Amino acid sequence: MVAGLNVILGVSGSIAAYKSLLLTRLLIKNGCQVRVIMTEAATEFVSALSFATLSKSKVHVNIIEGDSWSDHVSLGLWADLMLIAPATATTLSKLAHGHADNMLVATYLSAKCPVMVAPAMDLDMWRHPSTSHNLELLRSYGNSVIPVGHGELASGLVGDGRMAEPEEIIAHISKFDKAKRDLAGKRVLITAGPTQEPIDPVRYITNHSTGKMGISIAEAAAARGADVTLVLGPTSESIEASDRLKVIRVSTAQSMYEACRVHHEKMDLVVFAAAVADYTPKDTSQHKMKKSESDLSIPLRRTIDIAATLGRNKSEGQTHIGFALETEEGMTNAESKLIRKNFDFIVLNSLQNPGAGFGHDTNQVTIISPNKTEELSLRPKRELADDILDLVVEDKSEVQ
């Protein structure tokens, strides 16, 4: 069921646009509110009047229409889902590169909701490396790509490239809608980013973490209906708070612990994705330390182990997930942390894998639990965030 969703249906210039008329009917039959945006090329295949009649709403084609401006920003904020079907090679390229020369792409760039694209093109266009590259870019942004169908194409060739049938697209949306709500009512605490341990007012000890992975998990959990508290260390990465996503900014390991300690007891799921400094200076100078001709030694003391400390207080029904970034003996070290810190799952990744680790938009991990180990290929961190949450949901379902 997809009832109750506000759906933007984007239609671009393909012969497959006729299928989107049936798709509009099916969305409305399933209880959705539908607003249609067409490219000018799409109107050469199917009339805007047909979509306006079926959706019972104005169809947008141009940003400027007569003397009025079509508010793509408000439209993007209205939607629970943006679905672009058919998505031609041209439209995929514009979406991937932010080429906002039409109402459809401008709305896409303004949308805060999940986005699905259903590609439609001829066989050789579908196989072209530029198409594959653009699809990978869209996936890296967290967009979903509905698989194309196999069959006779407009050119007369037979192969991949057909837009998925409307019923198949509805099935994909139903799966998304279920996933979106599978954490509804759950409370999730996530740590992300580095910590900074001050030496003096100018200098500090830190690491290369950007917080991308933890932020991705926070956004994914909120999108699936959870009430999320993100405890975020110093980072230049952007994150937008919302009714379901609260952001607490901290700087040091101790301040991160204090923020977590306050919220931990009432949480259903806790994800320790932050790269917390293991050591902090024993003493912090109140003034900038001046350079001298001699070497400098800075005595360090251990910081509190946030995951281990809260792990000792984990209550029945709570799930704890940890992260292990290793450069050697990864499996051994991760399995040790799994037990020592009372994790239910631990996510192992290595700086040795290209495209994984600090600063990348992608990651390659192995997820370890007491009962199984699952290796995941290199993929966008936003996609990986949902993979991790899927395991938690499946594990809870098996227990029940």
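Residues numbered from 1 in each chain as written. Predicted model: local features only at pLDDT ≥ 70, side-chain atom pairs only at ≥ 80, totals over all residues. Heavy atoms only, no water.

So, about the sheet that holds strand E5 (residues 81-87). The sheet built from five strands is open, its strands ordered E2-E1-E5-E6-E7 with parallel pairing. Each having just a single partner strand, strand E2 (33-38) and strand E7 (144-145) make up the two edges of the open sheet. Pairing of strand E1 (residues 6-11) with E5 involves four bridges; the strand directions are parallel. When the sheet's bridge partners are listed, Gly10 is paired in E5 with Ile84. Contacting E1, E2 and E5, helix H1 (residues 17-29) runs over the sheet at an angle of about 175° to E1. Sitting on the sheet, helix H5 (residues 103-110) touches E1, E2, E5 and strand E6 (115-119), and the angle it makes with E5 is about 145°. (Pairing = 2+ DSSP bridges. Helix = DSSP H or I, 4+ residues; strand = E, 2+ residues; numbered from the N terminus. Contact = heavy atoms within 4.5 Å. Axes fitted to C-alpha atoms, helices over the stretch in contact; angles between N-to-C directions.)

Glancing now at the packing of aromatic side chains. The tally for this structure, following the rule as stated, stands at one aromatic pair. When the centroid spacing of 6.0 Å and the interplanar angle of 40° are considered together, the rings of Phe272 and Phe343 count as tilted. A residue pair is termed long-range when its members are at least 10 positions apart, and Phe272 in strand E15 (residues 269-272) and Phe343 in the loop between helix H12 (330-340) and strand E19 (345-350) qualify at 71 residues. Since its relative accessible area comes to 7%, Phe272 is described here as buried. Judged by relative accessible area, which is 7%, Phe343 ranks as buried. The ring of Tyr279 carries the charged tip of Arg302 above its face, separated from the ring centre by 5.6 Å. (Phe/Tyr/Trp six-rings, centres within 6.5 Å; stacked < 30°, edge-to-face > 60°. Buried < 20%, exposed > 50% of the residue type's maximum accessible area, 1.4 Å probe, protein only. Lys NZ or Arg CZ within 6 Å of the ring centre and 35° of its normal.)

This next bit is on the sheet that holds strand E10 (residues 187-192). Across a sheet, paired strands are connected by hydrogen bonds in the backbone, their directions being either parallel or antiparallel. The eight strands lie next to each other as E14-E13-E10-E15-E18-E19-E20-E21, forming an open sheet whose pairing is mixed. The outermost strands of the open sheet, each flanked by one partner alone, are strand E14 (245-249) and strand E21 (373-380). Neighbour-to-neighbour, the strand axes of this sheet turn through a mean angle of 20°, independent of strand direction. Running over the sheet, helix H10 (residues 253-264) touches E10, strand E13 (227-232), E14, E15 and strand E18 (319-326) and is turned about 170° from E10.

Attention now goes to the side chain of Thr195. By secondary structure assignment, the location of Thr195 is in the loop between E10 and strand E11 (197-198). Once residues within four sequence positions are removed from consideration, Thr195 is found in contact with Ile205, Thr206, Pro234, Ser251, Thr252, Ala253, Met256, Ala275, Val276 and Ala277.

In this structure the tally under the stated criterion is one cavity of 30 Å³ or more. Of the volumes computed, that of the largest cavity is approximately 40 Å³. Every residue along the wall of the largest cavity is listed here: Phe345, Ile367, Ile368, Ser369, Lys372, Thr373, Glu374 and Leu391. (1 Å grid on protein atoms, 1.4 Å probe; cavity = no way out; pocket = protein on both sides within 12 Å on 5 of 7 lines; lining within 4 Å. Points joined across faces, edges and corners; volume = space filled by probe spheres on them.)

On the surface, a cluster of nonpolar side chains totalling about 370 Å² of accessible area is made up of Tyr279, Leu296, Ile298 and Leu300. One can find Tyr279 in strand E16 (residues 279-281). (Patch = residues over 30% accessible without salt bridge, like charges linked within 9 Å, V, L, I, M, F, W, Y side chains within 5 Å. Areas by Shrake-Rupley, 256 points an atom, 1.4 Å probe, with all protein chains shown as cover. Salt bridge = Lys/Arg side-chain N within 4 Å of Asp/Glu carboxyl O.)

The next thing to look at is the pattern of salt bridges. One pass over the full model with this rule turns up 18 salt bridges. Here Glu165 ties to Lys19 by a salt bridge, and the two come within 2.9 Å at their closest N and O atoms. Of this pair, Glu165 sits in the loop between strand E9 (158-162) and helix H8 (166-181) while Lys19 is found in helix H1, placing the two residues 146 residues apart along the sequence. Note that Lys212 and Asp361 form a salt bridge whose closest N and O atoms lie 3.0 Å from each other. Taken together, the residues Lys212 in helix H9 (residues 212-223) and Asp361 in the loop between E19 and strand E20 (362-368) connect sequence positions 149 residues apart. One salt-bridge network, held together by shared partners, links Asp182, Arg224, Arg382, Asp386 and Asp390.

Any functional reading would require information that these geometric values do not contain.
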